[in-house]
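Summary of structural features
Residues per chain are reported as follows:
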Amino acid sequence: MALQPLANETDGLERLRVASELSDVLQAQGYLSTAFETLERAIQDTPSEYKTHSACLRRRMEACLLGQSVKASFSGVVERACDILDEVSTPRDVDDFDIDLLHLAYAKVCVGTARFHDPAAAAQGLDSALAWLLPKFHRLMESHMEREAFRCAAAYGDLARSGPSVGVASLSLATAVDMMERIATSPQTPPLLKAKALAELGWHGKEYGIEMSRVDSFEAEAIRMFDAAGHAHGAIDIRIRQLARHMEDNLGSLPSEAVQDIETYFLAYERLNCVAAHRVAVATILAALPSESALGVGISLSDVGRTLATAAGTKLGFLLTETAAWGRWLLHSGRAARVVEGVVGWNARVLEEDCRMLKGKIAYCGASAYLELRDFEKAYEWASRACMAWGAWFPLRRAEAANHALEARLSGRGSTWAGDEDALIAQAELEISKDLEHGLEEPAISKLELVATMVLIPRRDARCDGWLDKMEERIQVLSEISPAAGRQKKATLCQLRALALAAAITKGELGAIDDMGDECLAHLEHAVSLHLEDRRVMQACSARSMQTGILFVIFEKTRSRRALNKCLEISVVVRDTFRDMEQTRSLAEATRQYATYLHEAFRRGLVTGEQVLLVLKEAEESLHQGMADMTVLGSFEAVSRRQQLTSPHERRLLYHRAFDVCDKLWRISDLWDWVQLAKARSLSSQLGVHSLVPAELRDRAMGDAAAMELLNMEEQTTRAIAAADHADRLRLRTDLYRIHQQMAKHEVLKHVLDVKNGIPVSWGHICELATQIQIQRQRQCQLAGSNVVLIDWVDLRGSLWLLAVSSCADDASRPLIECCGITIDAVASWKRRWLDAEPGSDAAFEDEDAEEDDDFFSLRELDCLVAPLKQFTNRGDLLVFSPTGILHPIPLQALWIEDQTPAIVRNPIVFSASLTVFSQCCRRAAEVKPPLSTLAEKQQPLPKSSWNMVGVLEDEPGCRFPPTERSDVYNAIRHLAERHGAAWSTGSAVTRRFVAEAMQQSVLVHYHGHCRLDREAVADQSLQLCDGSLAVRDVFSLKLRGPHITLVACDSASQGITAGDEPLGLVTALLCAGAGSVLGTLWPTASETGRVFAERFYAELESQQRGSSVDQVVVVDLAVALQKAVLAVRAKGETRKPYHWAAFVLHGSWSMNLPRL
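Here is what the cut-offs are and how they apply
Residues numbered from 1 in each chain as written. Predicted model: local features only at pLDDT ≥ 70, side-chain atom pairs only at ≥ 80, totals over all residues. Heavy atoms only, no water. Pairing = 2+ DSSP bridges. Helix = DSSP H or I, 4+ residues; strand = E, 2+ residues; numbered from the N terminus. pLDDT = per-residue confidence, 0-100. Contact = heavy atoms within 4.5 Å. Buried < 20%, exposed > 50% of the residue type's maximum accessible area, 1.4 Å probe, protein only. Core = buried A, V, L, I, M, F, W, Y, C linked by side-chain atoms within 4.5 Å. Salt bridge = Lys/Arg side-chain N within 4 Å of Asp/Glu carboxyl O.

Here strand β12 (residues 1022-1025) runs beside strand β13 (residues 1028-1031); their pairing, made up of 4 bridges, is antiparallel. What sits directly across from Q1024, in β13, is S1029.

This part takes up the confidence of the model for the protein. Across the protein, pLDDT averages 85, with 86% of residues at or above 70. Confidence drops under a pLDDT of 50 for residues 684-692, and excluding neighbours within four residues, the segment shows 38 contacts in the predicted structure. Below pLDDT 50 for its whole length, residues 934-945 participates in 20 contacts with residues either more than four positions away or in separate chains.

This paragraph deals with unusual backbone geometry. In this structure, R535 is a non-glycine residue whose phi angle is positive, near 60 degrees. In this fold, R535 is placed in the loop between α28 (513-533) and α29 (537-558). Assessed through its relative accessible area of 39%, R535 is described here as partly exposed. Even without being glycine, W666 reaches a positive phi, approximately 50 degrees. Taking relative accessible area as the criterion, W666 reaches 40% and is therefore assigned partly exposed.

With antiparallel pairing, 3 strands are arranged side by side in an open sheet as β11-β12-β13. Each of the sheet's edge strands pairs with one partner strand only, and the pair in question is β11 (1011-1012) and β13.

With that settled, consider the nonpolar core. In this structure, W674, I766, W793, L865, F881 and F1097 are the most contacted members of the largest nonpolar core, which totals 143 residues. Per element, the largest residue contribution to this core is 8 residues, and it comes from helix α31 (residues 584-603). If we skip the residues at most four places from it in the chain, L865 touches W793, L800, L802, C820, I822, L887, L892 and L895. Membership of the second largest hydrophobic core comes to 44 residues, among which are L140, A155, Y156 and L193.

This next bit is on the pattern of salt bridges. The tally for this structure, following the rule as stated, stands at 62 salt bridges. Between R17 and E21 there is a salt bridge, with the nearest N and O atoms lying 2.4 Å from each other. Of this pair, R17 and E21 both sit in helix α2 (residues 12-29), 4 residues apart, which is roughly one turn of that helix. A relative accessible area of 32% means that E21 is categorised as partly exposed. Among the ionic pairs, K566 bridges to E569, the shortest N-O distance being 3.8 Å.

Quick look at the structure:
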């Protein structure tokens, strides 16, 4: 800028004056940080004899004001400002505009501190400090100093509008209007200044109580004058505000041409380099955009706002934009996980002593996010932080945070950290009394609402009516203070009274169901009308959703078709509205409810099965969208969050309703699709996070420059997220969100997203995969005539049915289906008796005395689970088992298919949580390219990019190993490694870091050691190493490159099964982290047995590597290798029983690539 060289050439007050003008220009453009630094340097360079000059004092005060925004720090600022005031020697009656502006800046410093840090301390004496402002304005106008008068009027208006919130009562909004109108109507006012005054009146016309016709007139004249004067953006500023008002009047909607206008205006701001005006414009549009809808637009605008705040150098502006964006994410339920990262990062960066308001806001957002995620203990922790940050300084905010704390404790009641119900109710009563003592009616009513909703109504407590009556009493008081807030709480009260009646109707204790139902519905209708009066569409929709629940209860009690039809009619409206508002969680719930009602109508012949399946699919997709958002967290946290958010009962019911419809219509292909969907939506969909883009899709994308650019942007942003700290991740995830929106519009890239998001494999894909594996096994594994059969089990009408896809099926258009002839309950009973029994008990599978071929041997009860395979499989076929729920821990491979032959003897078998997981693991394993080497080269240990074998059986507290077995294991590890040219390590060298690096850098890892498993907390399952353990939660954070991993360790393949058929354990963690295949054991096995198994398994791999294939890379069949190793163990007399050999199972890919020997 031209002023910068001039400032450098001058000194004394002149240099300060020039630097101050430069700072003013920078502030006007919006570059606050640069302006602040310029001002600070100028003040520092001012000679000491001028430090108390009015011009220097004014600039020192303005630096205090500017520093608040730049640093987001208010600690000690008012004190410093008071010290500057004390240095003023000029009497107030002397006409010195520098001193006037100093006092104005002081008032703004106090107001800023009152808003963000310490209201009481900052507001003291503000009224008297501003008493000079109005008289000064009149003197300036009489002296025809309109420009200076405008500054006073604008400041007066700003302070008058913010006055009530910071305790300033002496400034009048009417006076603010009079001041601006006087400037606008004065003949001496320059046209451009007059336009600014008219624009100011139009902008704040609603707050000033100006009629809209006058506002329109002011703005039309201002636009004409700005255009006539050639002002760069004055007219654009006004048009932005007009569009914002249009949005407010039309619930955020804008015609397409108006959207184009906004984009044009924003581009104009960028071209003009007007950061300040651009920031105001973005904030104006965001404020007008309903928080509950238009998520994409809101996120994009928030991102622009953050970028502009960064350019301006205002930490305060950035954080205000950031917390507002978090609020928008939270209102769009299902996206709370994105907020958690930002909250954790920024909480550490903002000190309570700097800015209590921001510190409390961040903590409050954290509490809201964790409530959404149903982590109530953390929600309570963050709510408590918010209470501490706001404390006595912001009592209303503190009371709101206390409501979050109460909600968290009520949700977690019964736990040690939350307390019991009666104690919580007593505490709530105490908090309510405190709120009312301080005149905080709304938070007090909210606490009454929480206790009634979460405790009294559900348990039909006798105190319920009393609490609701007290709530009504307080609402009447609130309505006198704030009619809008009163209406909102009245609507809530209506909903609570309806809930109380519904609870009574559900219990069937009321004879006149129709009358009580009508009263209940009337309460909800009144609630809807109250919500709509203030255009709270989302809340109105929630009340409508409650109506559908009441109507369905009435239907269940009375079998009234009219009630069911009305229920369906309203449900459609609710679902469509939530969809339009992009309310993920609410949409999922509304669609799930609609599907429930529609399924009941189907059972009564009122709708078709096709209609029900369509809505069930919509409900499932909505539910998955909320679950998929958990992947923004670390992988293990994603798992636990998904499980917390999942209602096991409701999720299972959704899938079983779909199974029921398919069963009744005998639509086997649709049934197969739903089974795959149910499994792919489980934890297995997490594999999509680390899945590779299929080569075929990448090749197609490479032919499209736009597609490759988006793919590269996605990969770069994903890497940046992994490297960024918590505070920056939300911004980067917003970038990724927008990139994915663009990818979803591209034909090829949409398929890429499907892969990454764990979309279930299609029927065509799985048939193609089975054929490809068959061809590959016949060509490279020399297994002519063998087929591939992929098998699922499904629960229909309480019985288990087997679904299969065969690579040689006569009818390739549909899966094969057979009834197993056993119920879920029977399998569960068998598991409790044999697998869950303590070792040493009569019923323990481990200690069973019977032989395998005895009729009364325990496994013979379950042979029917695999017996149907005799009809459509042959010996040698590869079987891919995808168990369901209770079947996960069952040794299916040990059951007889035919002729007293266990399945594993007859066929090679690989397990997978779902066929989607199997497909992804096969693709991942196929992508691994092993280092090629000659036989001679393999005599030396290969680099870590090849094989690693480790053994660790070191003693630890509570766990001691026989020295001879330890020595045998370590010798076996060394022998295996030397034979196969692998790197190896044993004992104290096998550290957590060593094993993690080996897994991430190798194509094969073999571990022989001890696995800890607490069946009540499978997530804590871990491999024991010399310096600690590698647990499930640790494995999730690894980034593997598709290796095969063998775990010869007790229970290493044992998994916990959670809601939605989600397996959780080391196998799942390793596959999610990027492994191609994992071999482990279902239960504890003898270490010696593990050594025998490993020796035979790797001998078979070597044999296949030395086969007749001429390819440099050999596809080795892991399933066959496991089969032969199991048979070797089974052939030994001391390990002939299934307990010894049936524990070994392979998960993931059936094969891996190894170099030919």
